[in-house]
Amino acid sequence: MADKSIFIDTSKCTACRGCQVACKQWNRLPATKTLQRGNHQNPSDLSFFTYKVVRFNEVAGEPNPQWYFFPDQCRHCMEPPCLSTAESLGSKAITKDEGTGAVIYNPKVKVKVADFKTIRESCPYDIPRMDEKMGIMSKCTMCFDRIKEGMLPACVKTCPTGAMSFGDRKVMIEKATKRLEDLKNRYPEAMLADSNDVRVIYLLTDDPKKYHKHAVAENTAGMTRKLALHYLLRPIINLRRFVG
Ligand code: SF4
Ligand code: SF4
């Protein structure tokens, strides 16, 4: 199966949370207890049972405040730092499907809490979560069980506004690039977030920090600290593979 990507056009997102609910339903993830925090976002963050959360950020402005909606999930990085870090720790908790590029956690592999913390720290987007009692980590799988059967990821299938698309990476990049060109007059700051490094490509209409602190990797102008760690570890991982 060809290299895949998801394109998320935030200019079309109405924050209906259909994608968030569809993810829960398809993956049979239970609801989690939440609190009213004076914000429409619910729950407050990703968790072991929440692979996708639509983030709401209200930014003061004249004449009215503005809302920024960000359906946050694993980016399925082209060279996933979480995978390199897990391998460097001798863990098989994360794998990558070489056909689609989906980065998948293995629920049968137990992870030590300290190792998980290192894996989470290596993720430029702060995505993986863990149930410490069970010793298992979790995150979005790109609905690998669906896409290998030719179906759309549940979130993409559900989105009622056309904000989410899924398909061959080349086609998604073309679609995202074309949409960015179309929106540039209206939104001069519009950008594609880290599109060369990730398979989940966000089109943002404004400064990424207005959406979410991890909307882009820490420093897209240069190499991020976490990516630097990834590249530093890569020769060690390759050596382990060679020796092993
Ligand atoms: S976003 Fe984080 S968890 Fe997802 S593939 Fe990239 S490094 Fe791994
Ligand atoms: S389903 Fe589509 S419109 Fe609704 S929150 Fe998700 S991305 Fe936005």
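Here, the structure is the one placed above.
Structural notes, computed from the coordinates. (Residues numbered from 1 in each chain as written. Chains lettered and ligands numbered in written order. Predicted model: local features only at pLDDT ≥ 70, side-chain atom pairs only at ≥ 80, totals over all residues. Heavy atoms only, no water.)

The next subject is the overall build of the chain. Check the secondary structure of the chain and you find seven helices and 10 strands. When the 244 residues of the chain are sorted by exposure, 50% land in the buried category. (Helix = DSSP H or I, 4+ residues; strand = E, 2+ residues; numbered from the N terminus. Buried < 20%, exposed > 50% of the residue type's maximum accessible area, 1.4 Å probe, protein only.)

Taking burial as the measure, the eight residues of helix α2 (residues 81-88) include seven buried ones, the bulk of the element. For α2, the set of buried residues is P81, C82, L83, S84, T85, A86 and S88.

Let's shift gears to the sheet that holds strand β10 (residues 200-204). Here we have four strands laid out as an open sheet, ordered β8-β1-β10-β9, and mixed in their pairing. Bordering the open sheet on either side are β8 (164-168) and β9 (191-193), each of which pairs with just one other strand. Strand-to-strand twist of the sheet, defined as the mean angle between neighbouring strand axes without regard to direction, takes the value 25°. (Pairing = 2+ DSSP bridges. Axes fitted to C-alpha atoms, helices over the stretch in contact; angles between N-to-C directions.)

Under the definition given, this model contains 12 salt bridges. The salt bridge partner of R55 is D45, with a shortest N-O separation of 2.7 Å. Highlighted residues: R55 in strand β2 (residues 53-59) and D45 in the loop between α1 (18-26) and β2, separated in sequence by 10 residues. Of the charged contacts in the structure, one is a salt bridge between E174 and K170, with a shortest N-O distance of 3.3 Å. Here E174 and its partner K170 are both found in helix α6 (residues 169-183), four residues apart, which amounts to about one turn of the helix. For K170, a relative accessible area of 62% corresponds to the exposed category. The network of salt bridges with common partners includes D45, R55, D72, R75, R120, D126 and R129. (Salt bridge = Lys/Arg side-chain N within 4 Å of Asp/Glu carboxyl O.)

One can find K52 in the loop between α1 and β2. D72 provides the closest opposite charge to the buried, unpaired K52, separated from it by 8.4 Å. Separated by 2.7 Å, the side chains of K52 and Q73 make a polar contact. Once residues lying within four places of it in the same chain are set aside, the contact partners of K52 are I8, C19, Q20, C23, L46, P71, D72, Q73, C155 and M164. (Lys, Arg positive; Asp, Glu negative; His and termini not counted. Polar contact = N/O pair within 3.5 Å; in protein donor to acceptor, adjacent residues only side chain to side chain. Contact = heavy atoms within 4.5 Å.)

With an omega of 0°, the peptide bond between N42 and P43 qualifies as cis. Among the secondary structure elements, P43 is positioned in the loop between α1 and β2. Put simply, E62 and P63 share a cis peptide bond, and its omega is 0°. Relative to the elements of secondary structure, P63 occurs in the loop between β2 and β3 (66-72). The backbone of R17 shows a phi angle near 70°, a positive value even though the residue is not glycine. Residue R17 is classed as partly exposed on the basis of its relative accessible area of 25%. The backbone phi angle of M142 is positive, close to 65°, even though this residue is not glycine.

Turning our eyes to something else, we now look at the nonpolar core. In terms of nonpolar packing, the biggest core is built from 27 residues, with I6, M164, Y202 and L204 touching the most fellow members. Only β1 (4-9), β2, β3, α5 (154-158), β8 and β10 provide two or more residues apiece to this core. Apart from the residues lying within four places of it in its own chain, the contact partners of M164 are I6, F7, I8, C19, K52, Q73, C155, V156 and C159. C74, A93, I94 and C140 belong to the second largest nonpolar core, which has 25 residues in total. (Core = buried A, V, L, I, M, F, W, Y, C linked by side-chain atoms within 4.5 Å.)

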